[in-house]
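What follows is the residue order along each chain.
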Amino acid sequence: MAGGASASGAAGNAVRIVVAGDAKTGKSSLIVTAAAENFPTNVPPVLPPTRLPEDLYPDRVPVTIIDTSSSPENRGKLVEELTRADAVVLTYACDRPETLDRLSTYWLPELRRLEVKVPVIVVGCMLDKRGDQQPVSLEQVMSPIMQQFREIETCIECSALNHIQIPEVFYYAQKAVLHPTAPLFDQEQQVLKPRCVRALKRIFILCDHDRDGALSDAELNDFQVKCFNAPLQPSEIVGVKRVVQEKLPEGVDDRGLTLTGFLFLHALFIEKGRLETTWTVLRKFGYNNEIRLRDDQLPPPIKRYPDQDGALRSAELEDLFSTAPENPWNEAPYVEAAQKTALGGLSLDGFLSLWALMTLLDPIRSVETLIYIGYGGDPSSAIRITRRRRVDRKKQQTDRTVYQCFVFGPKESGKSALLNSFIGRPFPEEYVSTTRDRYAVNVIDQPAGVKKTLVLREIPEEGVKELLSKKDALAACDVAVFVHDSSREPSWEKATEMLVDVASQGEATGYEVSQDMGIEAPIPLSTKLGDFSNIFQRIVRAAEHPHLSIPETSAGKSRKQYHRLINRSLVFISVGAAVAIVGLAAYRVYATRRNSSS
């Protein structure tokens, strides 16, 4: 695998390189010689921005070089330029060791203090002045500094006077921007980074057309043509596999190059400084500089699952998401949001419920993840955007299948217990206060075999004021539930206050409806005794009939001539106007993979 790099998806339309360092370390002479290919006799204190010819380097990406002054009076300008840099070249004078020391005692720490997180190229200038009487090994001198400051991509020495390695300085700087090391390789551990491994694994699966776990000679050649627009000669394929087999015997088997060998090859390219090869592969398959997928459509990979027990366990979920940058369901709010089977896995309903929750909260990431795991259809077909809830209320019906219910209530009123019971968790013996929003999601069976997905969002008491301070706080809410402890009068009163606050917010922001409708009386239930009074089905029914159970405050009655006042605590009310989103597409991938192993 070899070929020229592509700057596609790289840093903007041009690379901005800032040259900094102590006074009289050769900054300006370095820039002039690179641009004019002649050593200058007279150099101004600070050069204006200098643009290198676009065809100077293979990537044909314009390079603009910014000269700087290290004088105290120009510090403001220096800081401004450093913070705008795509890469920084730090210079020292080869015949003045104190300027080299200043890199680690001042310049590199200063870049960190300014939070300049870009590649750094360390350049020793005036190599001609050091002479043979001062022999020194660049690796020996720079190794300790590079160990301490991992942001250093390359160290190089040059001479503007003798035209030694001048173009190389800015080539390495440009290359560090277009083909950065940091997203790909952990230099401390000397291994590929997890996100890079996941991306390359996905690419390998996509290229393994016969899905036998190895890239045959034909598949390897197809990969080469796709990425580098040139085929591999048979002798080159033999050579690639020989290199892998000599270093890693399990990297090649009788079927071809294995995934282990494929990953080893890329680690080898990176270690040898050929990052452009790996970046070209990643960009050809739609990845950006953060190794996240762009909006490309790719054919699905097929993987096998070790069991057929009707549930996905942790290891199987990790396998499912192994080609995504990370397992999204290991993060809040998804990690504890769905019901588990007796064996600790996710049932089909739990699997689909989590997809519905992720699509509701982060639709872009949901679609991205579908593409990562190999959904082969049109991603837009996996999402259905419904009409506004306000239209639903006017038409007195809705065709949405995913509903979100906000759960309000004072502390120790049973909000968390309600969510726990919804996803089959036991009643907790000890009270633990919820300090941030929490979600629970499950499928609700309706008459005639219809299934609806209900998302419960618990709002901590201390979070209500912050939530309602946002104009669109209720936009994503279909139903609001107000929970109180029936044995404690203050709990009832607090729940009533919250109801009024929420209803007032709905009236003020337009996320409500003017209807002469009654309000249901409080619904008694006990999560400890398992007596739920069919509460979850009743919540769904309220969401299905968005024109009912809308609360009115006295201010709302006066303003809109409502016919009723709120004078008691409610259990659920309909509010909000936004989009509801469904996500069954992931199941298609899941089912395809399960069927493939049958």
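Everything numeric here is computed off the predicted structure, so don't read it as measured data.

(A) Quick peek at helix 6 (residues 166-178). The end-to-end C-alpha distance of helix 6 is 19 Å, a good match for the 18 Å that 13 residues give at a rise of 1.5 Å each. Residues of helix 6 that are buried: Ile166, Val169, Phe170, Ala173, Gln174, Lys175, Ala176, Val177 and Leu178.

(B) Main features of helix 13 (residues 348-361). The first and last C-alpha atoms of helix 13 sit 20 Å apart over 14 residues, in line with the 20 Å expected at 1.5 Å per residue. Counted residue by residue, helix 13 has eleven buried out of 14 residues, so it is predominantly covered. Of all the positions in helix 13, only Gly350, Phe351, Leu352, Ser353, Leu354, Trp355, Ala356, Leu357, Met358, Thr359 and Leu360 are classed as buried.

(C) Structural context of the pattern of salt bridges. This model, assessed by the stated rule, comprises 22 salt bridges. A salt bridge links Glu276 to Lys175; the shortest N-O distance between them is 3.3 Å. Residue Glu276 is found in helix 11 (residues 275-284), and its partner Lys175 is found in helix 6; the two are separated by 101 residues along the sequence. The pair Glu276 / Lys175 is uniform in exposure class, with both members buried. Across the pair Glu331 and Arg365 runs a salt bridge whose closest N-O atoms are separated by 2.9 Å. One end of the pair, Glu331, is in the loop between helix 12 (314-320) and helix 13; the other, Arg365, is in helix 14 (residues 363-373), with 34 residues separating them in the sequence. Residue Glu331 is classed as partly exposed on the basis of its relative accessible area, which comes to 29%.

(D) The arrangement of the packing of aromatic side chains in detail. Here the structure, examined in full by the defined rule, presents 14 aromatic pairs. Where Phe321 meets Trp355, the ring centres are 6.3 Å apart and the plane angle is 45°; that geometry is what we call tilted. A residue pair is termed long-range when its members are at least 10 positions apart, and Phe321 in the loop between helix 12 and helix 13 and Trp355 in helix 13 qualify at 34 residues. Assessed through its relative accessible area of 0%, Phe321 is described here as buried. Residue classification places Trp355 among the buried positions, given a relative accessible area of 1%. Cluster of aromatic residues (ring-pair linked, three or more members): Phe321, Trp329, Phe351 and Trp355. The ring of Phe285 carries the charged tip of Lys226 above its face, separated from the ring centre by 5.0 Å.

(E) Geometry of the sheet that holds strand 6 (residues 152-157). With respect to topology, six strands assemble into an open sheet ordered 2-3-1-4-5-6, the strand pairing being mixed. Strands at the two margins of the open sheet, each flanked by one partner only, are strand 2 (50-52) and strand 6. Adjacent strand axes in the sheet meet at a mean angle of 25° when their direction is disregarded. Bridge count between strand 5 (residues 120-125) and strand 6: five bridges; the pairing is parallel. Within the sheet, the bridge partner assigned to Ile121 lies in strand 6 and is Thr154. Lying over the sheet, helix 3 (residues 97-113) contacts strand 1 (15-21), strand 4 (87-93), strand 5 and strand 6, oriented at roughly 155° with respect to strand 4. Here helix 6 sits on the sheet and contacts strand 1, strand 2, strand 3 (63-67), strand 4, strand 5 and strand 6; the angle it forms with strand 1, its principal contact strand, is near 125°.

(F) Expanded view of the nonpolar core. With 39 residues, the main nonpolar core has Leu184, Ile203, Leu282, Phe285 and Tyr287 as its most contacted residues. For this core, the secondary-structure elements that each account for two or more residues are helix 7 (194-207), helix 8 (217-228), helix 9 (234-247), helix 10 (259-271), helix 11 and helix 14. Counting residues per element, this core draws most heavily on helix 7, at seven residues. Sequence-distant contacts of Leu282, defined by excluding residues within four places in its chain, comprise Leu184, Ala199, Leu200, Ile203, Tyr287 and Ile291. Core analysis: the next-biggest nonpolar cluster, separate from the first, contains 29 residues, Leu30, Val89, Cys158 and Ile166 among them.

Conventions we followed
- Residues numbered from 1 in each chain as written.
- Predicted model: local features only at pLDDT ≥ 70, side-chain atom pairs only at ≥ 80, totals over all residues.
- Heavy atoms only, no water.
- Helix = DSSP H or I, 4+ residues; strand = E, 2+ residues; numbered from the N terminus.
- Expected span 1.5 Å × (residues − 1).
- Buried < 20%, exposed > 50% of the residue type's maximum accessible area, 1.4 Å probe, protein only.
- Salt bridge = Lys/Arg side-chain N within 4 Å of Asp/Glu carboxyl O.
- Phe/Tyr/Trp six-rings, centres within 6.5 Å; stacked < 30°, edge-to-face > 60°.
- Lys NZ or Arg CZ within 6 Å of the ring centre and 35° of its normal.
- Pairing = 2+ DSSP bridges.
- Axes fitted to C-alpha atoms, helices over the stretch in contact; angles between N-to-C directions.
- Contact = heavy atoms within 4.5 Å.
- Core = buried A, V, L, I, M, F, W, Y, C linked by side-chain atoms within 4.5 Å.

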